[in-house]
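An overview of the molecular structure
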Amino acid sequence: MKIELKCSCGDGNCPEWAIVELQGMIEVQPCFKDCIQNLEIGILCRTSSEENYTFTVGYHELSGTKMKLKKPYLVLKKKRTILDSVSDEEEDIGKPKSPKTETELEVIGIIRHRILFKTRPKPLISKPEVFVKEKKKASTTAVPMVQ
């Protein structure tokens, strides 16, 4: 079986991707179980330095660092094309005609870095609103003592 590898980027400048590596598990709410593709789970921000990142998920903030991978990964998209031509040998044998397929792998990106979040998330707590309560004069009542 022959598999062709094509670069869809034209001049070989494929878009750069990165792997976001988290410790633990991200659980999806039951209402989103069927449609998790393109589901936004948080906000990824780069701080002033090129190597440090923060990832905010709900009320939790994670701090991470950018690390270079030992070997880059390719992001591939599988394409199958159906060939209509059937060779003469197959027709002579008497087998039913079945369409031949050819598989191509298209390079759509390259991954050279990963962003590693290896510490526990820091809880984000908003500042409590300040309420001013008026003090009322407490009424003094005399309670008789029973002996």
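Described below are features of the structure shown in this document. Keep in mind it's a predicted model, so treat the numbers as computed, not measured. (Residues numbered from 1 in each chain as written. Predicted model: local features only at pLDDT ≥ 70, side-chain atom pairs only at ≥ 80, totals over all residues. Heavy atoms only, no water.)

When you go through the protein residue by residue, the secondary structure sums to one helix and seven strands. For the protein, the succession of helices and strands along the chain, N to C, is β-β-β-β-β-α-β-β. Each of the 147 residues in the protein was classed as buried or not, and the buried ones make up 14%. Put simply, 70% of the contacts in the protein that link residues at least 6 apart link residues at least 24 apart. (Helix = DSSP H or I, 4+ residues; strand = E, 2+ residues; numbered from the N terminus. Buried < 20%, exposed > 50% of the residue type's maximum accessible area, 1.4 Å probe, protein only. Contact = heavy atoms within 4.5 Å.)

Another aspect to go through is a nonpolar patch on the surface. Taken together, the side chains of Ile-26, Phe-32, Ile-36, Leu-39 and Ile-41 make up a nonpolar region of the molecular surface, amounting to roughly 400 Å² of accessible area. As for its placement among the helices and strands, Leu-39 is situated in the loop between strand 2 (16–22) and strand 3 (43–46). (Patch = residues over 30% accessible without salt bridge, like charges linked within 9 Å, V, L, I, M, F, W, Y side chains within 5 Å. Areas by Shrake-Rupley, 256 points an atom, 1.4 Å probe, with all protein chains shown as cover. Salt bridge = Lys/Arg side-chain N within 4 Å of Asp/Glu carboxyl O.)

Let us now look at the packing of aromatic side chains. Inspection of every chain in the model, using the stated rule, returns one aromatic pair. Between the aromatic rings of Phe-55 and Phe-117, the centroid separation amounts to 5.8 Å while the plane-to-plane angle is 35°, which identifies the pairing as tilted. Of this pair, Phe-55 sits in strand 4 (residues 52–57) while Phe-117 sits in strand 6 (residues 100–117); the two residues are 62 residues apart in sequence, bridging distant segments of the chain. The class of Phe-117 is buried, set by a relative accessible area of 0%. (Phe/Tyr/Trp six-rings, centres within 6.5 Å; stacked < 30°, edge-to-face > 60°.)

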